[in-house]
Amino acid sequence: MHEKSPEKLQKEGEWLSRLKQETAKELGINLNPAPGEKISARDAGKVGGNMVRKMIRDYAGSHSPSQDSVK
């Protein structure tokens, strides 16, 4: 396995951050609670689980065989 460049790692981190914010917004979960408050484990799990579902769906969509190659 090869190492990723710092630029690539930063880009991936920014992408995951955007995905997390987008997913939380769709679920109505505030990821920026007031000082002294915390995000519940249940809400964090909902966001993370839905992020994984989106990533799997996107991966499957981009790696499925094309209709032309199926006979």
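Just so you know, these numbers come straight off a predicted model, no measurement behind them.

Trainee: Would you mind showing me how to read the overall build of the protein here?
Mentor: Assigned secondary structure in the protein consists of 2 helices and 0 strands. Here the protein has a C-alpha radius of gyration of 17 Å; the compact-globule value for 71 residues is 11 Å, and the former is much larger. Structurally, the protein occupies a C-alpha span of about 60 × 30 × 15 Å along its principal axes. A total of 71 residues make up the protein; the buried ones form 11% of that total.

Trainee: When you look at helix α1 (residues 6-27) in this model, what are you seeing that I'm missing?
Mentor: Side chains three or four residues apart in an α-helix point the same way, a direct result of the helix having 3.6 residues per turn. With 22 residues, α1 should cover 32 Å at 1.5 Å per step; its first-to-last C-alpha distance of 31 Å lies within 8% of that length. Among all positions in α1, only L19, T23 and A24 are buried. What you see down the axis of α1 is that its buried residues fit within an arc of 125°, all on one side. Turned more than 90 degrees away from the buried face of α1, the exposed residues are P6, E7, Q10, K11, R18 and K25. Contacts from the buried residues of α1 go to α2 (41-62). Of the residues flanking the end of α1, it is G28, one or two places downstream, whose phi is positive at about 75°.

Trainee: Where do I start with the nonpolar core in this structure?
Mentor: Grouped burial of nonpolar side chains is what soluble globular proteins tend to show. Counting residues in hydrophobic clusters, the biggest one holds 6 residues: L19, A24, I29, L31, V47 and M51. When residues no more than four places from it in sequence are discounted, the contact partners of L19 are M51, K54 and M55.

Trainee: Can you walk me through the environment of N50 in this structure?
Mentor: Tracing the chain through its elements places N50 in helix α2. When the C-alpha atoms of N50 and E26 are compared, they prove to be 9.9 Å apart, with 24 residues separating the residues in sequence. Those residues within four positions of N50 in sequence are excluded, and the remaining contacts are T23 and L27.

Trainee: Which parts of the structure should I look at to understand the side chain of T23?
Mentor: Along the chain, T23 falls in helix α1. There is a polar contact of 3.2 Å between the side chain of T23 and the side chain of K54. Excluding residues within four positions of it along the chain, T23 makes contact with V47, N50, M51 and K54.

Calculation criteria
Residues numbered from 1 in each chain as written. Predicted model: local features only at pLDDT ≥ 70, side-chain atom pairs only at ≥ 80, totals over all residues. Heavy atoms only, no water. Helix = DSSP H or I, 4+ residues; strand = E, 2+ residues; numbered from the N terminus. Rg over C-alpha atoms; globule rule 2.2 N^0.38 Å. Buried < 20%, exposed > 50% of the residue type's maximum accessible area, 1.4 Å probe, protein only. Expected span 1.5 Å × (residues − 1). Arc of directions from axis to C-beta. Contact = heavy atoms within 4.5 Å. Core = buried A, V, L, I, M, F, W, Y, C linked by side-chain atoms within 4.5 Å. Polar contact = N/O pair within 3.5 Å; in protein donor to acceptor, adjacent residues only side chain to side chain.

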